[in-house]
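# Geometric and topological summary
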Amino acid sequence: MEPLKRIAAIHDLSGLGKCSLTMALPVISATGVECSCIPTVLLSTHTGEFKDYTYKNLSDEMLPIAAHWRREGARFDGIYSGYLASPAQGKLLEAIIDLLAEDDTMIIVDPVMADNGEYYSNLGHDMCEEFRYLCTLADVITPNITEAAFLAGMKYMPPPHGRGYVEKLLDRLGRLGSRRVVITGVRPPEGGVGNLAFDRESGETFFAMRPASEGVFYGTGDLFASALAALLVRGAGLKEALETANALVDESIQRTELRGTPRRFGVNFEGALPAYVRRVQEIFGEN
Ligand code: PXL
């Protein structure tokens, strides 16, 4: 049997609210990929719709963790980053990539910083500048449409997102350097919401759509990017990874709506995992 693939996941740990590491760990594991964690910040909850959350910056731990892994001879097939506290943590991520990435390590950067046309609390334009640089190191980037606009230096447009606007975003983001650009939360005029992937090498573009629901679902960007990152690292093609990750998000949202879970507590991805694992098994075979 071939060795298990391994991803270093570099995100915050928000204890309640199901996003970032609490999403990356179960989803990457369910994809059959080992997930090693470097927490960037420890919070009691994510920063959306919760007040007075606790917040402990873990910058001092990040490089020592990676350096220890390096001394232990651990190999990484993927490095997948998400929420970072500050541009300074972006610099630490650069150093971690330097330390841990080998020629065949896939670098996936999710430039988590904004949604619905606005930066998350504590983050601003300097974070965007740092993410622009991190995109030059990445093989795959997974911004949502707001982050895509900010990174591209274009105005954020509320939905519907016309074809011309989206194509311009893809083109500008491609120029930042990553081979694959995936934009989430695109709402075309025909209706629905979905994700769009562009492979700069082959020139192919793929869409995966689902019915649109009103409002914000916290953590769905992390859910999608975690599944996509693990599927790609395991060797799935871009199209099947996109569709499989999109189906996981779709089913998780449907379950959240059926249950009436308050939005800030995150989506019910737990019940969607069995069907997801079955799809993963269809792609790669059992094991
Ligand atoms: O899901 C993105 C995310 C990650 N981490 C933290 C957040 C958010 C979005 O609000 O607050 C801490």
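Placed above this text is the structure.
Not measured: the values here are computed from a predicted model. (Residues numbered from 1 in each chain as written. Predicted model: local features only at pLDDT ≥ 70, side-chain atom pairs only at ≥ 80, totals over all residues. Heavy atoms only, no water.)

## Examining the packing of aromatic side chains
- Under the counting rule described, the total for this entry stands at 3 aromatic pairs.
- Relative to Phe150, the ring of Tyr119 lies with its centre 4.7 Å away and its plane at 45 degrees, an arrangement referred to as tilted. Of this pair, Tyr119 sits in strand β7 (residues 118–119) while Phe150 sits in helix α5 (residues 145–152), placing them 31 residues apart in sequence.
- Residue Tyr119 is classed as partly exposed on the basis of its relative accessible area, which comes to 26%.
- Cation over ring: Arg6 sits above Phe76, and NZ or CZ is 5.7 Å from the ring centre. (Phe/Tyr/Trp six-rings, centres within 6.5 Å; stacked < 30°, edge-to-face > 60°. Helix = DSSP H or I, 4+ residues; strand = E, 2+ residues; numbered from the N terminus. Buried < 20%, exposed > 50% of the residue type's maximum accessible area, 1.4 Å probe, protein only. Lys NZ or Arg CZ within 6 Å of the ring centre and 35° of its normal.)

## Topic: the side chain of His46
- Among the structural elements, His46 can be located in the loop between β2 (34–45) and β3 (55–57).
- For His46, a relative accessible area of 6% gives the class buried.
- Here Gly48 takes part through its backbone nitrogen, which lies 3.1 Å from a polar atom of the side chain of His46.
- Residues within four places of His46 in sequence aside, it is in contact with Ser14, Leu16, Gly17, Cys19, Tyr53, Tyr218 and Arg264. (Polar contact = N/O pair within 3.5 Å; in protein donor to acceptor, adjacent residues only side chain to side chain. Contact = heavy atoms within 4.5 Å.)

## Side note on the layout of surface pockets
- By volume, the largest pocket is sized at about 1100 Å³.
- Residue lining of the largest pocket: 47 residues in total, with Asp115, Tyr120, Asn144, Val216 and Phe217 positioned closest to the centre.
- Sort the elements by how many residues they give to the lining of the largest pocket and helix α7 (residues 220–234) lands first, with 4 residues.
- In terms of residue class, the lining of the largest pocket is made up of 18 nonpolar, 20 polar and 9 charged.
- Of the voids in this model, the second largest pocket is the one considered here, and its volume is about 270 Å³.
- Lining of the second largest pocket is provided by 15 residues; of these, Arg163, Val166, Pro188, Leu196 and Phe207 occupy positions nearest its centre. (1 Å grid on protein atoms, 1.4 Å probe; cavity = no way out; pocket = protein on both sides within 12 Å on 5 of 7 lines; lining within 4 Å. Points joined across faces, edges and corners; volume = space filled by probe spheres on them. Nonpolar A, V, L, I, M, F, W, Y, C, P; charged D, E, K, R; others polar.)

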